[in-house]
Amino acid sequence: MAAHLTAQRTIVLVGHGMVGQRFLEALADRGVTARDRVVVFCEEPRPAYDRVHLTSYFSEGTTPEELSVVEDGFMERHGIELRVGDPAVAVDRNARTVTARSGLTVRYDTLVLATGSYPFVPPVPGKDAEGCFVYRTIEDLLAIEAYAKRPTTVTGAVVGGGLLGLEAAGALKGLGLATHVVEFAPRLMPVQVDDGGGEALRRTVEGLGVSVHTAVGTQRIGTGPDGRVNSMALSDGSALATDLVVFSAGVRARDDLARSCGLPVGERGGVVVDERCRTADEAVYAIGECAQAADGRVYGLVAPGYEMAETAARTIAGDAGSFTGADLSTKLKLLGVDVASFGDAHGAAAGCLDVLYSDSRSGVYRKLVMGADGTLLGGILVGDAESYGILRPLTGSVPPVAAEHLVLPAGAGAPVLLGPGALPDEAVICSCHNVTKGVIRGAVTEHACGTVPEVKKCTKAATGCGSCEKVVGQLVTAELEANGVTVDKGLCRCFAHTRAELYEIVLALRIGSYRELLDGHGRETARGGEGCEICKPAVASVLASLAPAIGASVHVLDGEQAAIQDTNDRFLANMQKNGSYSIVPRIPGGEITPEKLIVIGEVARDFGLYTKITGGQRIDLFGARIEQLPLIWTRLVDAGFESGHAYGKALRTVKSCVGETWCRFGVQDSVRMAIGLELRYRGLRAPHKLKSAVSGCARECAEAQSKDFGVIATASGWNLYVGGNGGATPRHADLLAQDLSDAELVRLIDRFLMFYVRTADRLERTSVWLGRIEGGLDHVREVVVHDSLGICDSLEALMAAHVAHYRDEWADTVNDPERLRRFVSFVNAPDTPDPTVRFVPERGQIRPEPATAPAAVPVALSETVTV
Amino acid sequence: MTTHVTRAMVRIGFGEGWVPVCVPGRVEPGRAVAVLLPDGSQAAVFRIRGGALHAIGNVDPFTGAGVLAHGLTGSLDGRPYVASPLLKQRFDLASGRCLDDDAVAVPVYPVVEE
Ligand code: SRM
Ligand SMILES: Cc1cc2nc3c(=O)[nH]c(=O)nc-3n(C[C@H](O)[C@H](O)[C@H](O)COP(=O)(O)OP(=O)(O)OC[C@H]3O[C@@H](n4cnc5c(N)ncnc54)[C@H](O)[C@@H]3O)c2cc1C
Ligand code: SF4
Ligand code: FES
């Protein structure tokens, strides 16, 4: 044992950020962790997380846990000793020891510094006042969020208009603050873009409601009598009233540990390392933002840091590796604005020329820097960075088409659309992980990856900043097609069309029947057949959504429609495990009078139904037999209840918080709005169920951000969020538009819902749909807010038709003897209840009798049964 | 021209005889009705698109619930089937065989319309 221990080296890593973690992974990949002892000192209270996507905590509601970049069980699997919350405080290079704050001292054979950077705070008076923050860690974000939610915090200012400053501004805006950005340079993002790009960026950013102040410095932070920030004095003599300040004026390498143990650091900071990432001391390495690389630069981006991590790990493992520099290409989405710069963006090379396209109306600015010989040297893209994925890999080569075609917008005389097919195999597609086109193609051809997620897993491409994902997708599709794989996008065995295509066919040809659609538009093999259980409900949903517009019957139980409804829709109730049904009356917004509550109670008591408050702010009555459904509903309809469509792929609930009328924080009447929305969209059938909620203020008690469309009150109107989801794969909704009036809100929801109904796949919730459709949220915003397809009038008309034709399905059913005839357990014994429906008592109510004879068949979780 | 006064009936074969089910119009294409049999067991009588009738047991062997009459029908290679509304296993309407589990089947009954 002792012999083994002496043979083992000890590697100590100080700093567990993104680069540190990458270093550990590289060590593990090379088998070093299996041999040597590895100890990690981590200053922050949590293991490494994705700092690059820090802002998604605000913009997408990503939780701190989701930001983690450490795979579950990674440390245990590789026997790495991770000391969370225990920073290193001293290094003794003679004794080769590191001492941590806890007092632990570890002897090392190899020491790796990956301590990152700290935000630079200019030494202005008042910078330490309560209300001043920096933007670097999850703790910073939590503190900003808590402070922004104080009722007295209404305005925020960001010092610094660079990349991170604009991200911080976006976050403040998202927190509902009036937001200012103060930048010392004459333009925004001075490092990445030029004056023209800065101007385009400024217009767009201002258009989003952020006030931009350039060419002014911050001189002093003013405070009120309570010591909290209340203003900011600027160098042009003016003052800004502000309750919160975020400093984002650049970062500085954290080289303090290295300095104190006598390691050389660069002029402007950063531990000096050679091309193998070794410091002046052979036993000590430095990687990531704390290092000054062999080319004399300190890189503030994650991709060069990853390369350094690989280089150090290779060297330690005894393999060859070197890092001599990286390019500073970046593509970002700041406040929803695309900004990209790559290569020699500022045209530093001798004799280079600019090719420029600028359209201030749309905020698009594109500049390419070309060498005298026609080589693409670099460029800047603002407002529309679609082509970044292609242009960056082309850098250093002569593009196959003339440069002007590369900057002109599609359709504006650009005859050739350059696709990823034009790239050579050596072109680096994913710069975060240094993955070439050849490797991606190989993943498809040699490793049989058939989908983008598989390729991501196999190559790591598109798992960093994500900016290359689209090109990766295009390459995968192209490669599959080149290999003769055709991906059948058809709905099922019966239809080669997608649901969205069938919707268009039904609408255009006014087809009102499933059979007509199957026989006229189904696959040859399916025509004239029975169809199947997949397309029947999907077509039923399309027909129901379009019935008013194409003049078909609106009642889902009429004519042939009845036979293609899913089981639940057939009886306008939810079938339970023992064949009984549940009943959910609509309770719009969750508001109910005592009288109505009493009716529900009486009905439940009289029919012996199990009664439960649902997760949707209403009441479910379980255990009804088919023949009881009409009797129960006759009483409910008499008392003014309507169907709650718990059985349909349709609008379910619009939950509400109590809002302004009662709550001390409420700024709008959320209950009124929720009821209005629920009544407007009730009965709307959709590709999947639709849920909504309205909260009366940013505290969000109604959980609107987990809904397909969620509404949150602001002081001046409503914010509309879309694409949220609870369930198995939760997703926080995205902000679609802000500060809307009642009428604007309703109009936008009309358009959004109808666009979804029109284009989504079968059983595709809005969250999945938003993630799938080309262009994602931006495209949807273009279509429904800016009417880029010119279809908003028709979307609104479709919704108007729905609203005008809505009728309560249950009222129509209990008043129609023809429909009622179907509500029997046995056609030949209408008065006999189904003997297989049996109950036993439990906690004073009923429950289905546990299954006896046929043992329960296990159902795998993946095959979730959709009803 | 003669007028027939006897009403047509759907009947299901059970034991030695035929149990009346309902008038033909109550079994609509693409749908089914559940039938209570004299011994307390139950059947589901389906009408497929072309008009033909099929009768199988109504109880879903996977859950024990009498629900197959409420499932959606479809066809595979020209053979009609019903998908159980609970856990979605499919049953061939002519043979009663479960298409998703060879070991499982439901009974089949003769059915006539006269
Ligand atoms: C009754 C209720 C549970 C309860 O006792 O509280 C319920 C019950 C069922 N849910 Fe739910 N869900 C209920 C609220 C929810 C919620 C909470 C909410 O709405 O705020 C969620 C998460 C929010 C969401 O949908 O995003 C929820 C996410 C699901 C999912 C997962 C959906 C997803 O996108 O991942 C399913 C499965 C599906 O739809 O495919 C599901 C499916 C079902 C089914 C249909 C399962 C089934 O196949 O039988 C249940 C039938 C209910 C019945 O027979 O009446 N239920 N279900 C709730 C009825 C709410 C209502 O008043 O209408
Ligand atoms: C909001 C934001 C957005 C960004 N966006 C991008 C982007 O789009 N693209 C891009 O390429 N880059 C981006 N960056 C920069 C990127 O996050 C960094 O380049 C990257 O995180 C550097 O990794 P690192 O491991 O070197 O440093 P860090 O991630 O800073 O990690 C260093 C860690 O070491 C710890 N540490 C320091 N001293 C000690 C000590 N003595 N003992 C123990 N632990 C210590 C620190 O607490 C920290 O956890 C962004 C950064 C921020 C803040
Ligand atoms: S969300 Fe609604 S209930 Fe919650 S604090 Fe705000 S107004 Fe009050
Ligand atoms: S370029 Fe960042 S993930 Fe591919």
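Residues numbered from 1 in each chain as written. Chains lettered and ligands numbered in written order. Predicted model: local features only at pLDDT ≥ 70, side-chain atom pairs only at ≥ 80, totals over all residues. Heavy atoms only, no water.

Draft legend 1. Structural context of the pattern of salt bridges. Residue and element names in this part refer to chain A. Summed over all chains, the structure comprises 56 salt bridges over all chains. Notably, a salt bridge pairs arginine 77 with glutamate 71, separated by 3.3 Å at the nearest N-O pair. Among the salt bridges present, the one from arginine 751 reaches glutamate 796, with a minimum N-O distance of 2.7 Å. Residue arginine 751 is located in helix α24 (residues 742-759), and its partner glutamate 796 is located in helix α27 (residues 792-805); the two are separated by 45 residues in the primary sequence. (Salt bridge = Lys/Arg side-chain N within 4 Å of Asp/Glu carboxyl O. Helix = DSSP H or I, 4+ residues; strand = E, 2+ residues; numbered from the N terminus.)

Draft legend 2. The site of ligand 1, seen in detail. Residues and elements named next belong to chain A. Around ligand 1, the structure places 22 residues, and the nearest of them are Gln576, Thr614, Gly615, Lys689 and Gly726. Residue glycine 615 places a main-chain N or O atom 2.6 Å away from an oxygen atom belonging to ligand 1. Contact distances for ligand 1 include 2.8 Å between an oxygen atom and a side-chain N or O atom of lysine 691. Of the residues belonging to the shell around ligand 1, the class tally is three nonpolar, eleven polar and eight charged. (Near = heavy atom within 4 Å. Polar contact = N/O pair within 3.5 Å; in protein donor to acceptor, adjacent residues only side chain to side chain. Nonpolar A, V, L, I, M, F, W, Y, C, P; charged D, E, K, R; others polar.)

Draft legend 3. Just the pairing of strand β11 (residues 178-183) of chain A, in detail. Residue and element names in this part refer to chain A. A large share of β11 lies buried, amounting to five of its six residues. One ladder, built from five bridges, connects strand β10 (residues 155-159) with β11; its direction is parallel. Its bridge partner lying in β11, glycine 156 is registered against threonine 179. Where the polypeptide runs from β10 across helix α7 (residues 163-174) and back to β11, its parallel neighbour, the crossover connection is right-handed. Relative to strand β12 (residues 210-214), β11 runs parallel, the two sharing five bridges. Each bridged residue has a counterpart across the sheet, and for valine 182 the counterpart in β12 is histidine 213. Assessed by its sense of winding, the connection that carries the chain from β11 through helix α8 (residues 195-207) to β12 is right-handed. (Buried < 20%, exposed > 50% of the residue type's maximum accessible area, 1.4 Å probe, protein only. Pairing = 2+ DSSP bridges. Right-handed = clockwise from strand over helix to strand, strands pointing away.)

Draft legend 4. Structural context of the environment of arginine 278 of chain A. All names here are of chain A. Turning to its location among the elements, arginine 278 is positioned in the loop between β18 (271-272) and β19 (284-286). Take arginine 278: its relative accessible area is 16%, and that puts it in the buried class. Between the C-alpha atoms of arginine 278 and threonine 315, which are 37 residues apart in sequence, the distance is 9.1 Å. Leaving out residues up to four positions away in the same chain, arginine 278 has contacts with Val272, Val273, Val284 and Tyr285. (Contact = heavy atoms within 4.5 Å.)

Draft legend 5. Structural detail: empty space enclosed by the protein. A full pass over the atoms with the stated rule returns two cavities of 30 Å³ or more. Considered as a void within the structure, the largest cavity measures approximately 210 Å³ in volume. Lining the largest cavity we find 16 residues, and of these Val554, Gly683, His802, Tyr806 and Glu809 of chain A sit closest to its centre. Contributions of two or more residues to the lining of the largest cavity are made by α18 (535-550), α27 and α28 (809-814) of chain A. Per element, the largest residue contribution to the lining of the largest cavity is three residues, and it comes from α18 of chain A. Considered class by class, the residues forming the lining of the largest cavity number six nonpolar, six polar and four charged. The computed volume of the second largest cavity comes to approximately 110 Å³. Taken together, 17 residues make up the lining of the second largest cavity; nearest its centre are Ile626, Ser825 and Asp834 of chain A together with Gly66 and His70 of chain B. Of the residues belonging to the lining of the second largest cavity, the class tally is seven nonpolar, seven polar and three charged. (1 Å grid on protein atoms, 1.4 Å probe; cavity = no way out; pocket = protein on both sides within 12 Å on 5 of 7 lines; lining within 4 Å. Points joined across faces, edges and corners; volume = space filled by probe spheres on them.)

Draft legend 6. Fine view of the pairing of strand β4 (residues 42-47) of chain B. Residues and elements named next belong to chain B. Of all six residues in β4, six are buried; the element is thus mostly enclosed. Between strand β3 (residues 32-36) and β4, which pair antiparallel in sequence order, lie five residues; one of them, glycine 40, sits at a positive phi of approximately 90°. In this structure, β4 lies alongside strand β5 (residues 53-57), joined through five bridges in antiparallel fashion. Counted as the bridge partner of phenylalanine 46 is histidine 54 from β5. Connecting β4 to the next strand, β5, in antiparallel fashion are five residues, including glycine 51 with a positive phi near 110°.

Draft legend 7. A look at the interface of chain A and chain B. Taken together, the contact pairs 45 residues of chain A with 42 residues of chain B. The junction of chain A with chain B conceals about 3,600 Å² of combined surface from both sides, 52% of it contributed by carbon and sulfur atoms. Across the chain A-chain B interface, the total number found is three salt bridges. Ionic pairing is found between arginine 49 of chain B and aspartate 519 of chain A, a salt bridge with its closest N-O pair at 2.5 Å. Counting the contacts that link chain A with chain B gives 17 residue pairs in polar contact (both at pLDDT 80 or more). Where the side of chain A that touches chain B is concerned, the elements lending two or more residues are α17 (514-521), α18, α19 (561-564) and α20 (567-570) of chain A. The residue makeup of the side of chain A that touches chain B, split by class, is 20 nonpolar, 13 polar and twelve charged. (Buried area = accessible area lost by both parts, 1.4 Å probe.)

Draft legend 8. Quick look at unusual backbone geometry. All names here are of chain A. Its identity as a non-glycine residue notwithstanding, glutamine 617 has a phi of 60°, on the positive side. In this structure, glutamine 617 sits in the loop between β30 (610-613) and β31 (619-624). With a phi angle near 55°, aspartate 787 is a residue other than glycine that sits in the positive phi range. Among the structural elements, aspartate 787 can be located in the loop between α26 (776-784) and α27. Relative accessible area serves as the criterion here: at 29%, aspartate 787 is assigned to the partly exposed category.

Draft legend 9. Inspection of α27 of chain A at higher detail. All names here are of chain A. For α27, built from 14 residues, the straight-helix expectation of 20 Å at 1.5 Å per residue is met to within 8% by its first-to-last C-alpha distance of 20 Å. Of all the residues in α27, the buried ones are Cys792, Leu795, Leu798, Met799, Ala801 and His802. Those residues of α27 hidden inside the fold are in contact with α16 (499-509), α18, α23 (670-681), α24 and α26. (Expected span 1.5 Å × (residues − 1).)

Draft legend 10. Inspection of the site of ligand 2 at higher detail. Residue and element names in this part refer to chain A. Inspection of the region around ligand 2 gives 30 residues, with Glu43, Glu44, Arg51, Arg136 and Glu289 positioned closest. In this structure, an oxygen atom belonging to ligand 2 sits 2.8 Å away from a main-chain N or O atom of valine 302. Protein coverage of the free-state accessible area of ligand 2, which is 990 Å², stands at 95%. (Areas by Shrake-Rupley, 256 points an atom, 1.4 Å probe, with all protein chains shown as cover.)

Draft legend 11. Layout of the sheet that holds strand β13 (residues 218-223) of chain A. Residue and element names in this part refer to chain A. If you walk across this open sheet you meet the three strands as β13-β14-β15, and the pairing is antiparallel. Looking at which strands have only one partner, the edges of the open sheet turn out to be β13 and β15 (239-241). Sheet twist, expressed as the mean angle between neighbouring strand axes with direction ignored, is 20°. (Axes fitted to C-alpha atoms, helices over the stretch in contact; angles between N-to-C directions.)

Draft legend 12. Representation of the nonpolar core within the structure. All names here are of chain A. Counting residues in hydrophobic clusters, the biggest one holds 64 residues, and the most contacted among them are Phe495, Leu720, Ile749, Leu753 and Trp769. Counting residues per element, this core draws most heavily on α24, which supplies nine residues. Apart from the residues lying within four places of it in its own chain, the contact partners of leucine 720 are Phe709, Gly710, Val711, Asp734, Leu735, Leu736, Ala737, Leu740, Leu745, Leu748 and Ile749. Within the second largest apolar cluster, 53 residues are counted, among which are Ala28, Val40, Phe74 and Met308. (Core = buried A, V, L, I, M, F, W, Y, C linked by side-chain atoms within 4.5 Å.)

Draft legend 13. Here's a closer look at the sheet that holds β31 of chain A. Residue and element names in this part refer to chain A. Strand order in this open sheet of four strands is β28-β29-β31-β30, and the pairing throughout is antiparallel. Edge positions in the open sheet fall to β28 (574-575) and β30, since each of these has one partner strand only. In terms of strand pairing, β28 meets strand β29 (residues 581-583) through two bridges, oriented antiparallel. By the bridge assignment, asparagine 574 is partnered in β29 with serine 582. The sheet contacts of helix α22 (residues 629-638) involve β29 and β31, and relative to β29 the element is tilted by about 5°.

Draft legend 14. Examining the confidence of the model for chain A more closely. Of all residues in chain A, 95% attain a pLDDT of 70 or more, and the chain-wide mean is 88. Contacts for the low-pLDDT stretch residues 853-867 of chain A, under 50 throughout, to residues beyond four places or in other chains number 13 contacts. (pLDDT = per-residue confidence, 0-100.)

Draft legend 15. Seen up close, the side chain of serine 656 of chain A. All names here are of chain A. Structurally, serine 656 can be placed in strand β32 (residues 651-656). What makes serine 656 buried here is its relative accessible area of 9%. A polar side-chain atom of serine 656 sits 2.8 Å from the main-chain carbonyl oxygen of glycine 589. Among residues more than four places away in sequence, those in contact with serine 656 are Gly589, Gln617, Ser670, Val671, Ala674, Val694 and Ala702.

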